[in-house]
Amino acid sequence: MTFALNISRSLSGQPWRWRGAGADTREPACLPDDLVTQLLLARGCTREGLDVHRNPTIRGFMPDPSLFRDMDVAAGRLADAVERQEDVRIFGDYDVDGATSAALLIRLLRDLGLSARPYIPDRLMEGYGPSGEALVRLAGEGASLIITVDCGAQAFEALAMAKAAGVDVVVVDHHKCASQLPEAFALVNPNRLDEHPEAALHGHLAAVGVAFLLGARLLKTLDDRGWFANRNKPNLLDLLDIVALGTVADVAQLKGLNRAFVAQGLKVMGKRRNIGLAALIDASRLTRAPLCHDLGFALGPRINAGGRVGQADLGVRLLTTEDPAEAAQIAAQLDQYNEERRAIESTVQEQAEALLAAQGNRAVAVIAGAGWHPGVIGIVAGRIKEKAGQPAIVIALDDAGVGKGSGRSISGVDLGAAVLAAKDSGLLVAGGGHAMAAGLTVAADRIDALADYLDDRLSAAVAKARDDRALLIDAVLAPTGVNPDFVAALDQGGPYGAGWPAPLIAAGPMRVIKADVVGNGHLRAIMAGDDGRSIKTIAFRRAETELGQAILAAPRDRRLWVAGKAKIDDWGSRPAAELHLEDAAWAD
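Keep in mind the model is a prediction, meaning the values are calculated, not measured. (Residues numbered from 1 in each chain as written. Predicted model: local features only at pLDDT ≥ 70, side-chain atom pairs only at ≥ 80, totals over all residues. Heavy atoms only, no water.)

Participant: So, the packing of aromatic side chains: which residues are in play, and what are the values?
Facilitator: The final tally for this structure, using the stated rule, is two aromatic pairs. Arranged with centres 5.1 Å apart and planes meeting at 70°, the rings of F212 and F261 form a pair that is edge-to-face. Of this pair, F212 sits in helix α9 (residues 207–224) while F261 sits in helix α11 (residues 257–270), and the two are 49 residues apart along the sequence. Given the relative accessible area of 2%, F212 is considered buried. Taking relative accessible area as the criterion, F261 reaches 0% and is therefore assigned buried. A cation sits over an aromatic face here: R231 above W227, 3.5 Å from the ring centre. Here the guanidinium or amino end of R259 rests over the ring plane of W500, the centre of that ring lying 4.1 Å away. (Phe/Tyr/Trp six-rings, centres within 6.5 Å; stacked < 30°, edge-to-face > 60°. Helix = DSSP H or I, 4+ residues; strand = E, 2+ residues; numbered from the N terminus. Buried < 20%, exposed > 50% of the residue type's maximum accessible area, 1.4 Å probe, protein only. Lys NZ or Arg CZ within 6 Å of the ring centre and 35° of its normal.)

Participant: So what's going on with the pattern of salt bridges? Which residues, and what values?
Facilitator: Per the counting criterion, the structure on display carries 38 salt bridges. Where R192 meets D70, a salt bridge forms, and the shortest distance between an N and an O atom there is 3.2 Å. Linking R192 in the loop between β6 (186–188) and α8 (197–200) with D70 in the loop between α3 (58–61) and α4 (71–84), this pair joins segments that are 122 residues apart in sequence. With a shortest N-O distance of 2.9 Å, D194 and R192 are connected by a salt bridge. The partly exposed category is assigned to D194, whose relative accessible area is 35%. Within the structure, one salt-bridge network assembled from shared partners comprises R77, D80, E83, R84, E86, D168 and R225. (Salt bridge = Lys/Arg side-chain N within 4 Å of Asp/Glu carboxyl O.)

Participant: So, the pairing of strand β2 (residues 88–92): which residues are in play, and what are the values?
Facilitator: Counted residue by residue, β2 has five buried out of five residues, so it is predominantly covered. Burial along β2 is two-sided: the face carrying V88, I90 and G92 and the face carrying R89 and F91 are both buried. By the bridge criterion, five bridges tie β2 to strand β4 (residues 145–149) in an arrangement that is parallel. Across the sheet, the residue bridging to F91 is T148, located in β4. In terms of strand pairing, β2 meets strand β3 (residues 117–119) through three bridges, oriented parallel. Within β3, the residue paired with I90 across the bridge is P118. After leaving β2, the chain enters helix α5 (residues 96–111) and then returns to the sheet as β3, a path that is right-handed. (Pairing = 2+ DSSP bridges. Right-handed = clockwise from strand over helix to strand, strands pointing away.)

Participant: Could you give an account of the nonpolar core, naming the residues involved and the relevant values?
Facilitator: I90, L109, L112, I147 and I551 are the most contacted members of the largest nonpolar core, which has 123 residues in total. Residue contributions to this core peak at 10 residues, all from α9. Every residue in contact with I147, bar those within four places of it in the chain, is listed here: L78, V88, R89, I90, F91, L105, V170 and V172. Counting 24 residues, the second largest nonpolar core, distinct from the first, contains A422, L440, I447 and A465. (Core = buried A, V, L, I, M, F, W, Y, C linked by side-chain atoms within 4.5 Å. Contact = heavy atoms within 4.5 Å.)

Participant: Lay out the environment of A577 with the relevant residues and their values.
Facilitator: Along the chain, A577 falls in strand β18 (residues 576–586). Residue classification places A577 among the buried positions, given a relative accessible area of 6%. Put simply, A577 and R54 are 523 residues apart on the chain and 23 Å apart in space, counted from C-alpha to C-alpha. Discounting residues that sit within four places of it in the chain, A577 has contacts with V482, N483, P484, V487 and K567.

Participant: Explain the layout of surface pockets residue by residue, including any values.
Facilitator: The computed volume of the second largest pocket comes to approximately 340 Å³. Around the second largest pocket, the lining is made up of 16 residues, and of these G203, H204, Q253, H434 and A435 lie nearest the centre. Taken together, the residues that form the lining of the second largest pocket break down as seven nonpolar, six polar and three charged. (1 Å grid on protein atoms, 1.4 Å probe; cavity = no way out; pocket = protein on both sides within 12 Å on 5 of 7 lines; lining within 4 Å. Points joined across faces, edges and corners; volume = space filled by probe spheres on them. Nonpolar A, V, L, I, M, F, W, Y, C, P; charged D, E, K, R; others polar.)

Participant: Describe the sheet that holds β4, listing the residues and the values that go with them.
Facilitator: The five strands lie next to each other as β3-β2-β4-β5-β6, forming an open sheet whose pairing is parallel. Every other strand in the sheet has two partners, leaving β3 and β6 as the edge strands with one partner each. Shown here is a sheet whose adjacent strand axes are inclined to one another by a mean of 20°, direction ignored. (Axes fitted to C-alpha atoms, helices over the stretch in contact; angles between N-to-C directions.)

Participant: So what about the packing of α4 against α9? Which residues, and what values?
Facilitator: Axis separation between α4 and α9 bottoms out at 9 Å; the angle between their running directions is 60°. As the angle between them shows, α4 and α9 are arranged oblique. Taken as a pair, α4 and α9 cross one another with a handedness that is right-handed. Only L213, L214, R217, L218, T221 and L222 of α9 make contact with α4, whose side of the interface consists of M71, D72, A74, A75, G76, L78, A79, V82 and E83. Looking at the contact of α4 with α9, its residues break down into 10 nonpolar, two polar and three charged. (Parallel < 35°, antiparallel > 145°, perpendicular 65-115°, else oblique. Left-handed = near helix turned anticlockwise from the far one by under 90°.)

Participant: Account for the confidence of the model for the protein chain, naming residues and giving values.
Facilitator: Any segment with low pLDDT has predicted coordinates that should not be analysed in fine detail. Looking at the protein chain as a whole, the pLDDT averages 93, with 97% of positions reaching at least 70. Across residues 22–31, where pLDDT falls below 50, the model places 18 contacts with residues more than four positions away in sequence or in other chains. (pLDDT = per-residue confidence, 0-100.)

Participant: Tell me about helix α13 (residues 292–309), and please be specific about residues and values.
Facilitator: Relative to the 26 Å expected for 18 residues at 1.5 Å per residue, α13 spans 25 Å between its end C-alpha atoms, a close match to the ideal helical length. The largest bend along α13 measures about 45° and falls at G300, with the proline P301 one to four residues further on. Most of α13 is tucked away: 15 of the 18 residues are buried. (Expected span 1.5 Å × (residues − 1). Bend = angle between axes of the 7 residues up to and from the residue.)

What follows is the structure, encoded as structure tokens:
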């Protein structure tokens, strides 16, 4: 087997290979093609699909919403509610996907003349998903239709109680379903086990993407009924900024329709039509139109902070307000909550990492601690996953001996299905999720049994994923080639994110001219190549790793190949390119 640049083991302990190349290929795939074509093909695009992927549009990727089971039933019931001016409530999850899904439907219904109100459960007091008590209470307040978004696929007891109370519930979700479905008026979810094969291809959609499809079918239903004969028809595309935010923040795979959602949604977001989003952009101290990674690292965390450590409904209130003063106030509040979240997260992460060594050789790290804030365990699980290179579940135990857990997985390991199976086997009080993330509720005395169960079920998949681990390189350049024009060319293959990874560039060979530690364990280095060009590099949270220590101690007469993502550094008088390092290897 051959390796990119003959690197069989890097400073991070992994081989380098060309993305999209076969095992016997010694060069990057598709060399005769232009750079963007290479990038698209290496990410699974067919040659027939190149044109539509170069410019991802909704028209180019949009399926017929009626393909999805229960979609026409759900849209018809919602159309009835619009025509009758019913009392409609949108029950959303407390994360970004839930907030954006709820906001999309609320804004669309508002444009149709129907005022729908949100209900976002409190993470600590109510937990994830609809409870029967909450649904019955909403019915008692006059609601005749409740739409759950980003939750409900596993809410058997709650939906049965709602049905008994005489209220219709439409479930709009994307989490994995069991073979049996709860009693809903309609359940729209591309991950239903009985889903139409073409619709099931869209199982990577976030809940906000499913809500967008429901919105499209609703407008078609009302149009067929003649609703718009004397009324203006809302432009659903104006809400793509919300769809893009929820899609990226939920780490949905940016392939197919999701690519179009994000590519077109960023254009809408740049126009600052949504007053709440504009205020959030300002509170995030962005001085330019948001880019794809800003949705996941700047805007999304602030929306999430409300559900994690603040008020759960702040996100949906921000995204639906028409009052600039209220928007500015909520955005500032979310920014403050985000700072509090960071402090809490840091403490929990430190304690969780201290317990990591006790995991031994388990395939899935299952780490529990008393007094941990449930609002940050998902983030900490992601950090543990990155540090350990394996799926991780972090559990916050309360005084009653009940644990709320959140898990994050690695590519090739379906954690959501395993958690759902653990629930069906009686190990969990509740649980579910999707391939890369899951949530659960477990009794403290069942945690060890859960860890053993996951080890038995997933050890083979984790071992295979680790064996297949390699850094996939898209291109190799001399340092001179890492420049703003090259970064702009790379951007044409985006948007990049989960399932559509940003290009990794190998550069060198280079010598370390200067290296130091900045911020919270970040490694910063200036490196120079044989061509005389020097570039800035940074490796986030890697100063204490083998990679970071090697670069800090690198002798001036020894050269390195470095690999990372080429980014624009616009702090100086004119933009320059820099590398955000993922790995490095000795060149001699």
